[in-house]
Amino acid sequence: PAVLASVLKSLDFDTPELDTCDVERLVGKMPTAAECKSVKAHAKEHDRLRQLELHIFPLCDLQDAERRLRLVLCARTFGERCEALVGTFRCAKAASEQVMGCVKLHEVLRIALDLGNLINHGSLDGAQCFPISQFSTFAAFKVGKRSTL
């Protein structure tokens, strides 16, 4: 706890003395303001404090220990989270490039739009586009016993 209190006080994000896994485990377990007040009330009577109270005593001198701990955790995990997000964005970009470059998909969507216009308006004129989310509804549409697709 003395090392943890020192790290939280200085906000030393890179200290090797504290493992990131340990920081993750400690989130939500910092002493509350009421607990700190109670422990500090008996500061002069160390012999009357229980082992747990003696253990958390160094943390009771910190303002916002829980917030500081979360800040340390955020700083330590930022790189990993950033890399994961960049990977997700790269995947989304590659998928969008494939959609934009797929001639067959564009043809299917144009035909679907034309069919929707024929069904709804009786001609090819009408809607210029439709949301992709409606494509499954369109695919399930049937005229008699036959599907539109």
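See above for the structure.
So, here is what we can say about the structure in this document.

**What to know about the overall build of the chain**
Okay, step 1: Each helix and strand in the chain was counted, giving seven helices and two strands.
Okay, step 2: Scaling as 2.2 N^0.38, a compact globule of 149 residues should have a C-alpha radius of gyration of about 15 Å, whereas the chain reaches 31 Å, well beyond that.
Okay, step 3: Burial analysis of the chain (149 residues in total) assigns 21% to the buried set.
Okay, step 4: Within the chain, residue pairs in contact and separated by at least 24 positions form 54% of the contacts whose partners lie at least 6 positions apart.
Okay, step 5: For the chain, the exposed area adds up to about 11,300 Å²; of that, 58% sits on carbon and sulfur atoms.

**A word on helix H5 (residues 65-101)**
Note: α-helices contain 3.6 residues per turn, so residues at a spacing of three or four share the same orientation.
Okay, step 1: Between its terminal C-alpha atoms H5 stretches 52 Å, which fits the 54 Å expected from 37 residues at 1.5 Å a residue.
Okay, step 2: The largest bend along H5 reaches roughly 50° and is located at Thr77.
Okay, step 3: Taken as a whole, H5 has its buried residues at Ala65, Leu69, Val72, Leu73, Arg76 and Thr77.
Okay, step 4: The inward-facing, buried residues of H5 contact helix H1 (2-10) and helix H2 (20-26).

**Describing a nonpolar patch on the surface**
Okay, step 1: Together, Val99, Met100 and Leu105 make up an exposed nonpolar region whose accessible area comes to about 270 Å².
Okay, step 2: As for its placement among the helices and strands, Leu105 is situated in helix H6 (residues 103-121).
Okay, step 3: A relative accessible area of 31% means that Leu105 is categorised as partly exposed.

**Focus: unusual backbone geometry**
Most of the time, phi is negative for any residue but glycine, and the peptide bond is trans.
Okay, step 1: At Leu11, a position not held by glycine, the phi torsion is positive, near 55°.
Okay, step 2: Checked against the element boundaries, Leu11 lands in the loop between H1 and H2.
Okay, step 3: Even without glycine at this site, Asp64 takes up a positive phi of about 55°.
Okay, step 4: Secondary-structure assignment places Asp64 in the loop between helix H4 (51-56) and H5.
Okay, step 5: Judged by its relative accessible area of 44%, Asp64 falls in the partly exposed class.

**Thoughts on the environment of Asp114**
Okay, step 1: Assignment of secondary structure puts Asp114 in helix H6.
Okay, step 2: What makes Asp114 partly exposed here is its relative accessible area of 31%.
Okay, step 3: Residues Asp114 and Glu53 lie 61 residues apart in sequence; the distance between their C-alpha atoms is 74 Å.

Calculation rules
- Residues numbered from 1 in each chain as written.
- Predicted model: local features only at pLDDT ≥ 70, side-chain atom pairs only at ≥ 80, totals over all residues.
- Heavy atoms only, no water.
- Helix = DSSP H or I, 4+ residues; strand = E, 2+ residues; numbered from the N terminus.
- Rg over C-alpha atoms; globule rule 2.2 N^0.38 Å.
- Buried < 20%, exposed > 50% of the residue type's maximum accessible area, 1.4 Å probe, protein only.
- Contact = heavy atoms within 4.5 Å.
- Areas by Shrake-Rupley, 256 points an atom, 1.4 Å probe, with all protein chains shown as cover.
- Expected span 1.5 Å × (residues − 1).
- Bend = angle between axes of the 7 residues up to and from the residue.
- Patch = residues over 30% accessible without salt bridge, like charges linked within 9 Å, V, L, I, M, F, W, Y side chains within 5 Å.
- Salt bridge = Lys/Arg side-chain N within 4 Å of Asp/Glu carboxyl O.

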